[in-house]
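Structural description and commentary
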Amino acid sequence: MNEKYTPLFQPLTLPNGITLRNRFVLAPLTHVSSNEDGTISDRELPYIEKRSEDVGLAITAASNVTALGKAFPGQPSIARDSDIEGLRQQASVMKKNGAKAVAQIHHGGAQSLPQLTPEGDVAAPSEIELASFGEPQKHQARPITKEEIEETIQAFGEATRRAAQAGFDGVEIHGANHYLIQQFVSPYYNRRDDEWADPFKFPLAVVDEVTASARKHGGDDFIVGYRFSPEEAESPGITMELTKELIDQLAGHPLDYFHVSLMDIHSETREGLYYGQKRIQLIHDWIDGRAPLVGIGSIFTADDALSALETGTELVCLGRELLLDHQFVRKIQEGREKEINATFDPEEPTKYHLPEPLWQQLYNGFYPLPRNDG
């Protein structure tokens, strides 16, 4: 291995005492490849096994905690005890080669798809109309009731129990990408006039429920992470100032890592007090060593990965690149970084070892990828 990449292969110990073997993380990639009923399919197991082989931490695709929260076709479910057997198989293949396996737990909120939810029902913090995954037209989301809010919080705890029983090493709370938890934080989505108008009340309630369930069912070394998006384009939306407050609130809870969702790890803030500064460095400063930070976004080469680590982020998350080359980490470790494939060739459907539904999504441009169109 080229000596300059050595820092990427240093182990890291999380606050709960679990040690990750290196600094690489498999991102929670939407793969649209579970069975129609949300159970784990045969085609997704080899896909995620290959992409978990060499990383320190591997995260599943967003897995819905309730039927009302289903936001993708082919989305894995962690909402029923009957899901546990398939989840057990998934955890087993993810952990097979030494990675720690984490299930990402998720509720789509306003972005849930009416064609996938019971009776086409969609609920969000407040009434809103939008188009979500692949929809040609907008759908309507109604305000979620107080009773449903409490039920949803409990559902995140139950999903954590199922993850522990299935053999996962932890869970990641999906508080990013305009899904339900982020919607409660955002003034664009949350226009309530009750106690749930507080942007931090719902996410912190979920964190409390999940961490309590983690300790009860997974033990003290069960990992709990939290993913968030730091800034929204919507107005009024989430600002970096609001994200700073969120981090301060979350950091008082027993989380083992923070995971910031970015398309480019070196991206800069768009407005406000911190305009023009790098988001990743602001966030790392605000966390102030209270937990490791997972950074992600446009990492396609070994030097990209090293540059990401040099921002201060403790863990480097690979999403699109592990779709293009599942041996990315191994090639760096073996001194073969020049052999890394970092482009998408739409004429090579078997090259990337992907389930057919995911291949089709890539072919149709779901994930923005550097393309090799010949």
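None of the values given here were measured: they were computed from a predicted structure.

1. Things to note about the UniProt feature "domain: NADH:flavin oxidoreductase/NADH oxidase N-terminal" (unreviewed entry) in the protein
When the UniProt feature table is mapped to this numbering, "domain: NADH:flavin oxidoreductase/NADH oxidase N-terminal" (unreviewed entry) covers residues 8-339. The annotated region residues 8-339 carries 31% helix and 16% strand content, and the separation between its end C-alpha atoms amounts to 18 Å.

2. Considerations on the side chain of Asp 83
Mapped onto the elements, Asp 83 comes out in the loop between strand 5 (63-64) and helix 2 (84-95). Apart from the residues lying within four places of it in its own chain, the contact partners of Asp 83 are Thr 39, Ser 77 and Ile 78.

3. Points about the pairing of strand 11 (residues 223-228)
Of all six residues in strand 11, six are buried; the element is thus mostly enclosed. Side chains of strand 11 alternate between two faces, with Ile 223, Gly 225 and Arg 227 and Val 224, Tyr 226 and Phe 228 buried alike. Relative to strand 11, strand 10 (residues 170-175) is paired through six bridges, and the arrangement is parallel. Counterpart to Gly 175 in the pairing with strand 11 is Phe 228. Both strand 11 and strand 12 (residues 257-260) contribute to a ladder of four bridges, which runs parallel. Following the sheet pairing, Phe 228 is matched in strand 12 by Val 260.

4. Comments concerning the sheet that holds strand 9 (residues 139-143)
Whenever strands of a sheet pair, they do so through backbone hydrogen bonds, lying parallel or antiparallel. Strand order in the open sheet formed by three strands is 7-9-8, with mixed pairing between adjacent strands. The open sheet is flanked by strand 7 (123-124) and strand 8 (128-130), the only strands paired with a single partner. Across two bridges, the pairing between strand 7 and strand 9 is parallel. Residue pairing in the sheet places Ala 123 in a bridge with Arg 142 of strand 9.

5. Overview of helix 2
In this model helix 2 runs 16 Å from its N-terminal to its C-terminal C-alpha over twelve residues, within 8% of the 16 Å that 1.5 Å per residue would give. Ile 84, Gly 86, Leu 87, Gln 90, Ala 91, Val 93 and Met 94 are the residues of helix 2 that are buried. Turning to helix 2, the residues buried within the fold contact helix 1 (44-52), strand 4 (57-59), strand 6 (100-106) and helix 3 (146-165).

6. A look at the packing of aromatic side chains
In total, this model carries 15 aromatic pairs according to the counting rule given. Where Phe 72 meets Phe 133, the ring centres are 5.5 Å apart and the plane angle is 85°; that geometry is what we call edge-to-face. Of the two residues, Phe 72 sits in the loop between strand 5 and helix 2 while Phe 133 sits in the loop between strand 8 and strand 9, which places them 61 residues apart along the sequence. When its relative accessible area of 15% is taken as the criterion, Phe 133 is described as buried. Centroid distance Phe 228 to Phe 258: 6.5 Å. Interplanar angle 85°. Geometry classified as edge-to-face. Taken together, the positions of Phe 228 in strand 11 and Phe 258 in strand 12 put the pair 30 residues apart, joining distant regions of the chain. Given the relative accessible area of 1%, Phe 228 is considered buried. According to the relative accessible area criterion, Phe 258 is buried, its value standing at 1%. By the ring-pair criterion, three or more aromatic residues cluster together here, those being Phe 72, Phe 133, Tyr 179, Phe 366 and Tyr 367. The lysine or arginine in question, Lys 201, covers the ring of Trp 196, its NZ or CZ lying 4.8 Å from the ring centre.

7. A few points about helix 5 (residues 201-218)
For helix 5, with 18 residues, the first-to-last C-alpha span of 25 Å sits near the 26 Å given by 1.5 Å per residue. Inspection of helix 5 places Phe 202, Pro 203, Leu 204, Val 206, Val 207, Val 210, Thr 211, Ser 213 and Ala 214 among the buried residues, and these make up the whole buried set. Once helix 5 ends, the next one or two residues include Gly 219, with phi positive near 90°.

Conventions and cut-offs
Residues numbered from 1 in each chain as written. Predicted model: local features only at pLDDT ≥ 70, side-chain atom pairs only at ≥ 80, totals over all residues. Heavy atoms only, no water. UniProt positions renumbered as here; feature names shortened; annotations may be inferred. Helix = DSSP H or I, 4+ residues; strand = E, 2+ residues; numbered from the N terminus. Contact = heavy atoms within 4.5 Å. Buried < 20%, exposed > 50% of the residue type's maximum accessible area, 1.4 Å probe, protein only. Pairing = 2+ DSSP bridges. Expected span 1.5 Å × (residues − 1). Phe/Tyr/Trp six-rings, centres within 6.5 Å; stacked < 30°, edge-to-face > 60°. Lys NZ or Arg CZ within 6 Å of the ring centre and 35° of its normal.

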